[in-house]
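Results of the structural survey
Here is how the chains run, residue by residue.
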Amino acid sequence: MRLPEGFLFTSRYRILKRRLHPITKEFGLTLYVLRKSTLAVIGALLVGMFLFLAIFGSRVAPYDPYEVKIKERFIPPSKAHWFGTDKMGRDVLSRMLFGARYSIRAGLIVLVIAVPIGVLLGGIAGLFGGWRDEVIMRFTDVFLAFPSLILAMSFSAALGPSLFNAMIALSIVWWPMYTRLIRGQALSVRETDYVEAARSRGAGNWYLVRRHILPNCLSPILVTLTLDMGWIITATAALSFLGFGAQPPLPEWGRMVSDGRIYLMQAWWVSVFPGLGIAMTVLGFNLLGDGIRDALDPKLRRITEVKWKQRTFS
Amino acid sequence: MKLRNYILRRLLLLIPVILGVLVLVFIISYVIPADPARAWAGPKARPEQVEALRERYHLNDPVYLQIYYYLKSLILHFDLGVSATSGRPVLTDLKAFFPATFELAFFAFVLAIVIGIPLGVVSALRRNKPTDHFSRVVALTGVSTPLFWSALLMQFFFYYKLRWVPAFGRSVVEINRYTGFILLDSVLNWNWSAFGDAATRLILPAVTLAFYTMGYLVRITRGSMLEVLESEYVVTAKAKGLPARIVIYRHALKNAIIPPITVLGVTFGWLLGGTVLLETIFSWPGMGRYAAGSIVQVDLPAMVGFTLVAATVMILSNLVVDIFYSIIDPRVRVGGKTR
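In this text the structure is predicted, and so the values were computed from the model without any measurement.

A common way to report how large an interface is uses the accessible area buried once the components associate. On the side of chain B, 42 residues touch chain A, which itself brings 43 residues to the contact. A buried area of about 3800 Å², summed over both sides, lies between chain A and chain B, and 82% of it is on carbon and sulfur atoms. For the pair chain A and chain B, the interface holds one salt bridge. The shortest N-O distance in the salt bridge between B:Arg219 and A:Asp290 comes to 3.0 Å. For the pair chain A and chain B, the interface holds five residue pairs in polar contact (both at pLDDT 80 or more). Ranked by residues supplied to the side of chain A that touches chain B, first place goes to helix α10 (residues 269-296) of chain A with 12 residues.

At a minimum axis distance of 8 Å, the contact between α10(A) and helix α6 (residues 130-144) of chain B shows a crossing angle of 120°. Judged by the angle between their axes, α10(A) and α6(B) are oblique. Here the hand of the crossing between α10(A) and α6(B) comes out right-handed. Every residue of α6(B) that contacts α10(A) at A:Ala279, A:Val282, A:Leu283, A:Asn286 and A:Leu287 is listed here: B:Leu140, B:Val143 and B:Ser144.

Once that is clear, we can look at the packing of helix α9 (residues 192-229) of chain B against helix α11 (residues 244-256) of chain B. The axes of two packed helices give the description: the angle between them and the distance between them. Residues and elements named next belong to chain B. In contact at an axis separation of 8 Å, α9 and α11 are set at 130° when each is read in the N-to-C sense. The angle between α9 and α11 falls in the class oblique. Between α9 and α11 lies a crossing whose hand is right-handed. Facing α9, whose interface residues are Ser-224, Met-225, Val-228 and Leu-229, α11 presents Ile-248, Ala-252, Leu-253, Asn-255 and Ala-256. In terms of residue class, the contact of α9 with α11 is built from seven nonpolar, two polar and no charged.

This next bit is on α10(A). Under the 1.5 Å per step criterion, the end-to-end length of α10(A) is 40 Å for 28 residues, consistent within 8% with the ideal 40 Å. Along α10(A), 22 of the 28 residues are buried, which leaves the element largely enclosed by surrounding structure.

What follows deals with the environment of B:Ala310. Within the element layout of this structure, B:Ala310 appears in helix α14 (residues 300-328). The exposure class assigned to B:Ala310 is buried, which follows from its relative accessible area of 6%. Sequence spacing of B:Ala310 and B:Ser224 is 86 residues, and the spatial spacing of their C-alpha atoms is 30 Å. In contact with B:Ala310, not counting residues within four places along its chain, are A:Ala145 and A:Pro147.

Moving on: the packing of aromatic side chains. If you walk through the whole model with that rule in mind, you get 22 aromatic pairs over all chains. Ring centres of B:Tyr68 and B:Tyr69 lie 5.9 Å apart, and the angle between their planes is 50°; on these two criteria the pair is classed as tilted. An aromatic cluster of three or more residues is present, and its members are A:Phe83, A:Trp268, A:Trp269 and A:Phe273. Note that A:Arg132 overlies the ring of A:Phe128, its terminal NZ or CZ placed 5.2 Å from the centroid. Above the ring of B:Tyr159, the side-chain terminus of B:Arg163 is found at 4.9 Å from the ring centroid.

A few words now on the nonpolar core. Counting 155 residues, the largest nonpolar core has A:Met153 and B:Phe148 as its most contacted members. The contact partners of B:Phe148, leaving out residues within four places of it in the chain, are A:Thr234, A:Ala237, A:Ala238, A:Phe241, A:Gly254, A:Val257, A:Ile278, B:Leu277 and B:Ile281.

All names here are of chain B. Together, Phe-106, Phe-107, Val-110, Leu-111, Val-114, Ile-115, Ile-203 and Val-207 make up an exposed nonpolar region whose accessible area comes to about 600 Å². Listing elements by their share of the nonpolar patch, those giving two or more residues are α5 (90-125) and α9. It is α5 that provides the largest number of residues to the nonpolar patch, a total of six residues. Examined against the element boundaries, Phe-107 turns out to sit in helix α5.

With that settled, the discussion passes to the pattern of salt bridges. As enumerated under the stated definition, the model contains 14 salt bridges over all chains in all. The partner of B:Arg222 in a salt bridge is B:Asp132, and the shortest N-O contact between them spans 2.9 Å. Remark: B:Asp132 occurs in helix α6 and B:Arg222 occurs in helix α9; sequence separation between them is 90 residues. The same class applies to B:Arg222 as to B:Asp132, namely buried. B:Arg201 serves as the salt-bridge partner of B:Asp197, at 3.3 Å between the closest nitrogen and oxygen. Of this pair, B:Asp197 and B:Arg201 both sit in helix α9, four residues apart, which is roughly one turn of the helix. The residues B:Asp197 and B:Arg201 share a single accessibility class, namely buried. Where salt bridges share partners, they join A:Glu134, A:Arg138, A:Asp141 and A:Arg180 into one cluster.

Our focus in this paragraph is the side chain of A:Ser271. Note on placement: A:Ser271 falls in helix α10. For A:Ser271, a relative accessible area of 1% corresponds to the buried category. Ignoring sequence-local partners within four residues, the contact set of A:Ser271 consists of A:Met256, A:Val257, A:Gly260, A:Arg261, A:Leu264, B:Trp149 and B:Leu152.

Looking now at the environment of B:Thr280. Here B:Thr280 shows up in helix α12 (residues 258-281). The sequence separation of B:Thr280 and B:Glu174 amounts to 106 residues, and the corresponding C-alpha distance is 23 Å. The contacts of B:Thr280, once residues within four sequence positions are left out, are A:Leu242, A:Arg261 and B:Arg289.

Reading guide: rules and limits
- Residues numbered from 1 in each chain as written.
- Chains lettered and ligands numbered in written order.
- Predicted model: local features only at pLDDT ≥ 70, side-chain atom pairs only at ≥ 80, totals over all residues.
- Heavy atoms only, no water.
- Contact = heavy atoms within 4.5 Å.
- Buried area = accessible area lost by both parts, 1.4 Å probe.
- Salt bridge = Lys/Arg side-chain N within 4 Å of Asp/Glu carboxyl O.
- Polar contact = N/O pair within 3.5 Å; in protein donor to acceptor, adjacent residues only side chain to side chain.
- Helix = DSSP H or I, 4+ residues; strand = E, 2+ residues; numbered from the N terminus.
- Axes fitted to C-alpha atoms, helices over the stretch in contact; angles between N-to-C directions.
- Parallel < 35°, antiparallel > 145°, perpendicular 65-115°, else oblique.
- Left-handed = near helix turned anticlockwise from the far one by under 90°.
- Nonpolar A, V, L, I, M, F, W, Y, C, P; charged D, E, K, R; others polar.
- Expected span 1.5 Å × (residues − 1).
- Buried < 20%, exposed > 50% of the residue type's maximum accessible area, 1.4 Å probe, protein only.
- Phe/Tyr/Trp six-rings, centres within 6.5 Å; stacked < 30°, edge-to-face > 60°.
- Lys NZ or Arg CZ within 6 Å of the ring centre and 35° of its normal.
- Core = buried A, V, L, I, M, F, W, Y, C linked by side-chain atoms within 4.5 Å.
- Patch = residues over 30% accessible without salt bridge, like charges linked within 9 Å, V, L, I, M, F, W, Y side chains within 5 Å.
- Areas by Shrake-Rupley, 256 points an atom, 1.4 Å probe, with all protein chains shown as cover.

In structure tokens:
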């Protein structure tokens, strides 16, 4: 007997839906817990605003960020120039609006490079143990023995100071932290009863990674990623501040703080506003990261779940 | 004794890590596109001079030979080479700059602990009360504010605006330098005006650095204290009717203090690195500024020397923390199994 086309489709769809249900349900709960925390909402708003500026900042900027007007230098914050002008008469607000994208790009690129390396090496070290673990972890120790900022400075200097090279340098510095995190997580998951049970059923390594290790590493990674966006943005700005990152006239925020530094006494606004921008962004990522951590914490989660169910099903 | 064996083993493990650090630095220096010898000799140097420099620092040799020469002089004569830009032995330079950085990092460290850990504890005890909100805001601000920016703000308010404390440099009062740590030396000299000068100059950078570190400590202490307060033995202790003071200090704090202590080691090493920014801003004549300068000028011997010292300090501070950790927590007796 032939079944109609639609039947197959619906059943497949249903199976998919049922399979995804644990994930979608948990995700809905996570969003609910997040929404209940005022601080997490503030964080999300700050991050959202920052992302908006990174994408559309250049369109809403009132002035050209590069245009030099020596006559209009060091105008204090006013109606025409909300954040004042710098030593070359460039509008600080417009420069900041243009500059937002560099920070977010730096954060994303560093994470995209560092996380896969860290996950791969940490996973191998934690799962297989033995000599692989020893080799990988000693190698990681070498990188962790450096003060990270100094190591990033050296790499950036070696590659030639530019914003892009600063990002590469930070990625080289950042992966060991993920390697450690994932290794620890893999080690602790490997010892649990359910992995033992799966193993005794004859599950292979790949199955274990897919079904048990990765899902269990996901939430600590997610929290670390959010908090690390803030760290990386600060670190990029710090490298630029020291002259190992963005070069003038690029309106990177750290570079702008450093450019205004010598004029601090006569024109505080040149340094203060870009720095405030960095601080608010990092604060946003920190608040959001904390919120996600609380939302993924099983203890807090179950308490809120009761309320959530009452709300959804009554 | 087991502890001694453990320390010895850890110190032995230091050797491969240091070797790895050396190899890494030499590889970095090898891929630098600029010609270091030309940079050191200056723009007016004749080709023979550049060649002589290259010969002297073994720049024509492959990396592994450079590392070999370096290790040979390090082990046989405890010689870190001669700085290519200052012309002084790197060891002399580091000896001169290390106390300044250590002084700064140490006071920031102590300040962060003395304020941060109690604040975290109080915050957890008064959960969701105004005190808690206040300390969380302080902690979050500390963690989120970029160090270089808060340093500039501090300079702006407390030096330019209020004129309370000096904002640049270390003490310049002439005293006998016994140890290089100015605060200690001025006490040894019984020179209190020098002590006052050194202390006021230390305030701004140390407070800035401490504020940054403190936020981190407050968050960790608060989290771990909250966790412990919910545990069964604390609930039992409360139920038995023990006074709150005893429950907090005897039962809760002893266990809650472990996570903050584990991060202290990392934090101290990290402070030594973070001083680069502060030393640049506050014109503090320390190792961080020396390192930044040597990186800019491709001064390889200085770079290598600095990284060796920094890595050693970092590893040693982790070791100290691990030992301390085992003293507090009997479950983690170092150097072998407990049973």
